[in-house]
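Architecture at a glance
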Amino acid sequence: MRIGIPREPAEGQKLVSATPDTVGKLIKLGYEVIVEAGAGVDASYPDQLYRDAGAEVVGPQEVWQADIVTTLDTPPQDKIDQLREGTVLISRLGVRIHPEIAEVFAERNVTAISMDAVPRITRAQAMDVLSSMANIAGYRAVIEAANAFGRLFTGQVTAAGKMPPAKVYVIGAGVAGLAAIGTANSMGAIVQATDVRAAAAEQVESMGAEFVEIPAPAQESSDGYAKEMSEDQAKAALKLYTEQAAASDIVITTAQIPGRPAPLLLTAEAVAGMKPGSVIVDMAGGNCELTKAGEVVVTDNGVTIIGFTDLANRLPGQASQLYGQNIVNLMKLMTPEKDGNIVFNLDDEVVRSITIAREKDVLWPPPAISVS
Ligand code: NAD
């Protein structure tokens, strides 16, 4: 079968769904790979590298005619219309937020695989694109914070005097939060972190940060994500976040509960209590009352609030490599004979969870699975 790698249709999307390295791995699984001319240019992968890896570089029409097409995000309707009946589309389809998308593909008789619906179970980690992107984004959040912060992260003792290290506080110690903790720590900052899940404490400490507990932490739910807090817990948390923000130089917020709006952690009042020059990076968007999506806001008291929604896009080389490798890992699972033929074993809970439309049937939502 032929796998098509289009140039991403969305304006400003720098990532590509396969790199020369991952193309080579797909070919080893028995597939032919066609890549649209210029598909990897924004991620610093020129066409010749794809040719060297064994792919054919094709025009913008042909690539959508492949048997399997992989993209970063749901393609626009004019591209969906170009897919042949029976094509397999592998992409981040946002099916949790837009479940109606499954219908669109079922009607077109396109088999749709939603990479962002990979369950958070150990066996599926190698295919989890949300984790891959959150990891890169967590790193980049610290780089953005350091860029906006007018001081050093690390402490220094120099002939001209002593400089204290920056204090970084991370709220939400999931994938992005832990990546941010590791990065800030490696840059010499003093790092503290909080999560509603008590189980996060050990991970936070293993990354070299201090865990700051919320009174009465919430329980983890059976899908590996946090549950929403009770009203009392939320109040206690808000108070803690306000105090911590006032004492920190950088606050990175990553708190989310799937399927819910991002919880408000930093009110306008909390921001008003922060020191001039402090920086907030609101990764979840909505964790801070004053965040503007995609923008940088500087408050009257001199706090910079970064609301970038494209942090992984700001490191397109490695983000593309990780995304492409997630797809390779999926294709390994779905190509048991390594013969270039994709097999849909819907008894496999990972395959079942992400296949949202197949042979005109809508398969979303999948049956619930338990965490391993
Ligand atoms: P995750 O589920 O692994 O981590 C979220 C963490 O927040 C969990 O550990 C959870 O327990 C914790 N949490 C939830 N509510 C909380 C609260 N009130 N107080 C403290 N902790 C709380 O998610 P992730 O993969 O790390 O992603 C984090 C966020 O970053 C998501 O909103 C994701 O969409 C976003 N993200 C943004 C960008 C960007 O460019 N801005 C890129 C990638 C991911």
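See above for the structure.
On a predicted model such as this, the values are computed, not experimentally measured, just so you know.

A closer look at the site of the ligand
- Around the ligand, the surrounding shell holds 28 residues, and the nearest of these are Ala176, Asp195, Arg197, Tyr241 and Leu311.
- Within the backbone of valine 175, an N or O atom sits 3.1 Å from an oxygen atom of the ligand.
- Burial of the ligand by the protein chains amounts to 89% of its free accessible area of 860 Å².
- The residue makeup of the shell around the ligand, split by class, is 19 nonpolar, five polar and four charged.

Comments concerning the side chain of threonine 291
- Mapping threonine 291 onto the fold places it in the loop between strand S13 (279–282) and strand S14 (296–298).
- On the basis of relative accessibility, which here comes to 17%, the residue threonine 291 falls in the buried class.
- One polar contact links threonine 291 to aspartate 282, side chain to side chain, over a distance of 2.7 Å.
- A polar atom in the side chain of threonine 291 sits 3.2 Å from the backbone oxygen of cysteine 288.
- If we skip the residues at most four places from it in the chain, threonine 291 touches Asp282, Ile305 and Gly307.

A look at the environment of valine 196
- Here valine 196 lies in the loop between strand S10 (190–194) and helix H7 (200–206).
- Through-space distance from the C-alpha of valine 196 to that of alanine 234 is 9.7 Å; in sequence the pair is 38 residues apart.

Here we look at the packing of helix H5 (residues 129–148) against helix H10 (residues 316–334)
- Look at H5 against H10: their axes get within 9 Å of each other, and the N-to-C directions meet at 165°. Between H5 and H10, the angle falls in the class roughly antiparallel. For the pair H5 and H10, the sense of crossing is right-handed. Only Gln318, Ala319, Leu322, Tyr323 and Asn326 of H10 make contact with H5, whose side of the interface consists of Val129, Ser132, Met133 and Ile136.
- Residues belonging to the contact of H5 with H10 are distributed by class as follows: six nonpolar, three polar and no charged.

Remarks on H5
- For H5, built from 20 residues, the straight-helix expectation of 28 Å at 1.5 Å per residue is met to within 8% by its first-to-last C-alpha distance of 28 Å.
- Measuring from the side-chain oxygen of the N-cap residue of H5 to the backbone nitrogen of leucine 130 gives 3.2 Å; that N-cap residue is aspartate 128.

Considerations on the sheet that holds S10
- On the basis of which strands lie adjacent, the open sheet formed by seven strands has the order S11-S10-S9-S12-S13-S15-S14 and mixed pairing. With partners counted over all chains shown, the strands left at the sheet margins are strand S11 (210–211) and S14, one partner each.
- The pairing of S14 with strand S15 (residues 304–306) spans three bridges and is antiparallel. Across the sheet, residue valine 297 finds its bridge partner in S15, namely isoleucine 305.
- In this fold helix H8 (residues 231–247) packs onto strand S9 (167–171), S10 and strand S12 (250–253), with an angle of close to 155° to the strand it touches most, S9.

Some points on the sheet that holds strand S2 (residues 32–36)
- Reading across the sheet, the eight strands line up as S3-S2-S1-S4-S5-S6-S16-S17 and stay open at both edges, with mixed pairing between neighbours. Each having just a single partner strand, strand S3 (56–58) and strand S17 (361–362) make up the two edges of the open sheet.
- As judged from the two bridges shared by strand S6 (residues 111–114) and strand S16 (residues 355–358), these two strands associate in the antiparallel manner. What sits directly across from isoleucine 113, in S16, is threonine 355.
- Packed on one face of the sheet, H10 meets strand S1 (2–5), strand S4 (68–73), strand S5 (88–92) and S6 and runs near 140° to S5.

Rules behind the numbers
For every chain, the first residue of its written sequence is number 1, and the numbers climb from 1 along that sequence. Side-chain atom pairs in this predicted model are given and counted only at pLDDT of 80 or more, local residue features only at pLDDT of at least 70, and totals for whole chains, interfaces and linings cover all residues. Where side-chain values are given, they derive from all heavy atoms of the structure, hydrogens and water being excluded. Only a single heavy atom is needed: when it lies within 4 Å of a molecule or strand, its residue is near that molecule or strand. Nitrogen and oxygen atoms within 3.5 Å of one another constitute a polar contact, given that in protein one can donate a hydrogen and the other can accept it, and given that sequence-neighbouring residues count only through two side-chain atoms. All accessible areas in this document rest on Shrake-Rupley with a 1.4 Å probe, and a residue is counted as covered only by the protein chains that are shown. Gly is put with the polar residues, along with every residue not named as nonpolar or charged; the nonpolar set is Ala, Val, Leu, Ile, Met, Phe, Trp, Tyr, Cys and Pro, and the charged set is Asp, Glu, Lys and Arg. In this description a helix means any DSSP run of H or I spanning at least four residues, a strand means any run of E spanning at least two, and both kinds are numbered starting from the N terminus. Classification of residues uses two cut-offs on accessible area relative to the type maximum, computed with a 1.4 Å probe and protein chains only: under 20% is buried, over 50% is exposed, and between them is partly exposed. Throughout, a contact is declared for two residues whenever any of their heavy atoms are within 4.5 Å. Angles here are taken between N-to-C directions and fall from 0 to 180 degrees, while the axes themselves are lines fitted to C-alpha atoms, restricted in helices to the stretch in contact. Comment on the angle field: the value is read as roughly parallel under 35 degrees, roughly antiparallel over 145, roughly perpendicular from 65 to 115, and oblique elsewhere. Crossing handedness is read from the near helix: turned anticlockwise from the far helix by less than a right angle, it gives a left-handed crossing, and turned clockwise, a right-handed one. A helix's residues, less one, multiplied by 1.5 Å, set its expected span. Pairs of strands are assigned from DSSP output, requiring at least two bridges between the strands.

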